[in-house]
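So you can see what is in the structure, the chains are spelled out below.
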Amino acid sequence: MFRSILRKVGRTLGFAALTVLALLRPAGAAEFVMATVSLTSEDFQLAMAWSDLLAQRNTGMRITPVATGTVKGLRNMAQGRADLSLIGAPHYLDAVNRDGSFKEDPSSMVEGYKNLRVLFAIDTGMGQYVVRADSPIRTLADLKGRRVSIGRPGGNAGRVSVSLFKVHGADAERGEVLTEYLDYGPSLDRLGNGQIDATLVWGGLPQAGIDQASRNTPLRFLSPAPGSLPALQGAISNGAHYLYRTIPAARIKEAYGERVASDGDVVFWTFPFMVMVRADMPEQTAYTLCRTFWGGVDRVRASSAALALIDPANAAAGLSAELHPGARRCLSDLGAL
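### Some thoughts on the overall build of the protein
Tallying secondary structure elements over the protein gives 13 helices and 13 strands in all. Relative to the globule expectation of 20 Å for 337 residues, the C-alpha radius of gyration of the protein, 21 Å, shows essentially globular dimensions. Across its three principal directions, the C-alpha atoms of the protein cover 60 × 45 × 40 Å. Of the contacts formed within the protein by residues at least 6 apart in sequence, a portion of 76% connects residues at least 24 apart. Summed over all atoms, the accessible surface of the protein reaches about 15,100 Å², with 52% contributed by carbon and sulfur. For the protein, the distance from the average position of its 36 positive side-chain charges to the average position of its 31 negative side-chain charges is 4 Å.

### Things to note about the packing of helix H11 (residues 283-295) against helix H13 (residues 325-334)
At their nearest, the axes of H11 and H13 sit 7 Å apart, and the two run at 35° to each other. Along this stretch, H11 crosses H13, giving a crossing that reads as right-handed. Taking contact as the criterion, the partners of Glu283, Gln284, Ala286, Tyr287, Cys290, Arg291 and Trp294 in H11 are, on H13, Pro325, Gly326, Ala327, Arg329, Cys330, Leu331, Asp333 and Leu334. Per-class residue counts for the contact of H11 with H13 are nine nonpolar, two polar and four charged.

### Considering the packing of aromatic side chains
Per the stated rule, a full pass over the model turns up 14 aromatic pairs. Ring centres of phenylalanine 271 and phenylalanine 273 lie 5.3 Å apart, and the angle between their planes is 40°; this geometry places the pair in the tilted category. Exposure remark for phenylalanine 271: the relative accessible area of 5% places this residue in the buried category. One Lys or Arg, arginine 329, reaches over the ring of tyrosine 287 and ends 4.1 Å from the middle of that ring.

### Some points on the sheet that holds strand S13 (residues 273-278)
Reading across from one edge, S2-S1-S3-S13-S4 is the order of the five strands in this open sheet, with mixed pairing throughout. Only two strands of the sheet have a single neighbouring strand rather than two, namely strand S2 (61-67) and strand S4 (116-122). Strand-to-strand twist of the sheet, defined as the mean angle between neighbouring strand axes without regard to direction, takes the value 30°. As defined by bridge partners, strand S1 (residues 30-36) adjoins strand S3 (residues 84-88) across two bridges and the pair is classed as parallel. Bridging across to S3, alanine 35 finds its partner in serine 85. Contacts from H11 reach S1, S2 and S4 within the one sheet, and its direction differs from that of S4 by about 10°.

### Topic: helix H10 (residues 249-256)
For H10, the set of buried residues is Ile252, Ala255 and Tyr256. In a view along the axis of H10, the buried residues occupy a sector of 75°, so they form one face of it. Turned more than 90 degrees from where H10 packs its buried face, Ala250 and Glu254 sit exposed. Looking at the buried side of H10, the elements it contacts are helix H8 (208-213), strand S9 (219-222), strand S10 (243-247), strand S11 (260-261) and strand S12 (266-270).

### Here's the deal with the side chain of asparagine 238
For asparagine 238, the location among the structural elements is in the loop between helix H9 (229-235) and S10. Reaching out from asparagine 238, the side chain makes a polar contact with the backbone oxygen of proline 90 at a distance of 3.0 Å. Not counting chain neighbours up to four residues away, the residues in contact with asparagine 238 comprise Pro90, Leu93 and Asp94.

### Section: the confidence of the model for the protein
Any segment with low pLDDT has predicted coordinates that should not be analysed in fine detail. The predicted model of the protein has a mean per-residue pLDDT of 88, with 91% of residues at 70 or higher. Within the model, the stretch residues 1-28 combines pLDDT values under 50 with 13 contacts to residues more than four positions away or in other chains.

### Overview of H11
With 13 residues, H11 extends 18 Å between its outermost C-alpha atoms, agreeing within 8% with the 18 Å of an ideal straight helix rising 1.5 Å per residue. Inspection of H11 places Thr285, Ala286, Tyr287, Thr288, Leu289, Cys290, Thr292, Phe293 and Trp294 among the buried residues, and these make up the whole buried set. For H11, the elements touching its buried residues are S1, helix H2 (42-56), S2, S4, helix H12 (297-302) and H13.

### Some remarks on the side chain of serine 320
Locating serine 320 in the fold gives a position in the loop between H12 and H13. Classification of serine 320 by relative accessible area gives buried; the value is 14%. Of note is the side chain of serine 320, whose polar atom sits 2.6 Å from the backbone oxygen of alanine 89.

Rules behind the numbers
- Residues numbered from 1 in each chain as written.
- Predicted model: local features only at pLDDT ≥ 70, side-chain atom pairs only at ≥ 80, totals over all residues.
- Heavy atoms only, no water.
- Helix = DSSP H or I, 4+ residues; strand = E, 2+ residues; numbered from the N terminus.
- Rg over C-alpha atoms; globule rule 2.2 N^0.38 Å.
- Contact = heavy atoms within 4.5 Å.
- Areas by Shrake-Rupley, 256 points an atom, 1.4 Å probe, with all protein chains shown as cover.
- Lys, Arg positive; Asp, Glu negative; His and termini not counted.
- Charge placed at Lys NZ, Arg CZ, Asp CG, Glu CD.
- Axes fitted to C-alpha atoms, helices over the stretch in contact; angles between N-to-C directions.
- Left-handed = near helix turned anticlockwise from the far one by under 90°.
- Nonpolar A, V, L, I, M, F, W, Y, C, P; charged D, E, K, R; others polar.
- Phe/Tyr/Trp six-rings, centres within 6.5 Å; stacked < 30°, edge-to-face > 60°.
- Buried < 20%, exposed > 50% of the residue type's maximum accessible area, 1.4 Å probe, protein only.
- Lys NZ or Arg CZ within 6 Å of the ring centre and 35° of its normal.
- Pairing = 2+ DSSP bridges.
- Arc of directions from axis to C-beta.
- Polar contact = N/O pair within 3.5 Å; in protein donor to acceptor, adjacent residues only side chain to side chain.
- pLDDT = per-residue confidence, 0-100.
- Expected span 1.5 Å × (residues − 1).

Okay, here's the thing in structure tokens:
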């Protein structure tokens, strides 16, 4: 009951904050509603920082973030109830193909999804595998016969993990890896206690759970084998839109000091999160939104650790939907195309 009360209070405070924000806005400002995951998510922070940039540069535009979750956010976009939303590139294909979380959506909703366009993509979370620093496990192939937590029950990260392990010769479906489905916090606790051998964690860098856990138990990252990405892409649904991202060892050390080790640079798997708008957004509006964001990207990066790796060079990488014409012009100007 206490958690239920907290959720109600959070929704109330969130609504109040948005109401105050709206009252403070200049009359006549073009206001865009942006669907975000939650009041504490990185895309909510992104929307707030982006709106501040638009105000500072006197664009006459403002962004109001609302917490809906990604699936409902895309539905709101299709119905004209939101102007901006983020969705993973593979998950957008689920929407237009009526698959995954969108399989029960009516045809009219699917047509609305097809009428969305990409403003740009951002780098956010990554699938990261960690073991104790004193573990003999050095590669994903070494997970054979081990107990591994692979994320929340029914989550996409678990499905990707099972495919990735199989690519490395450890088939969880045959019992060669003993998989468990747990949230990241309990997984890291069990890893520290020696109850499991490895865990997947999703997030940016530094990742809060890893940062906290490593203060009690030194950890080490595992990387997929070089050259394994094509096999992974071929093994999972919409795999062409999954990517590997290489994080330099120096960046790992900067994030965690000596508490998290790495055997050189570390590779994580990920996919681009696409910022979506409707196709009927005026070209100049889309261009201004895009150009203002990337012109102040340092401020966006500073708003959340999970956004610190956003790079304009990846703004058009791995997309699963068509770029808006205004976005294409913007990203061409930035050299991202």
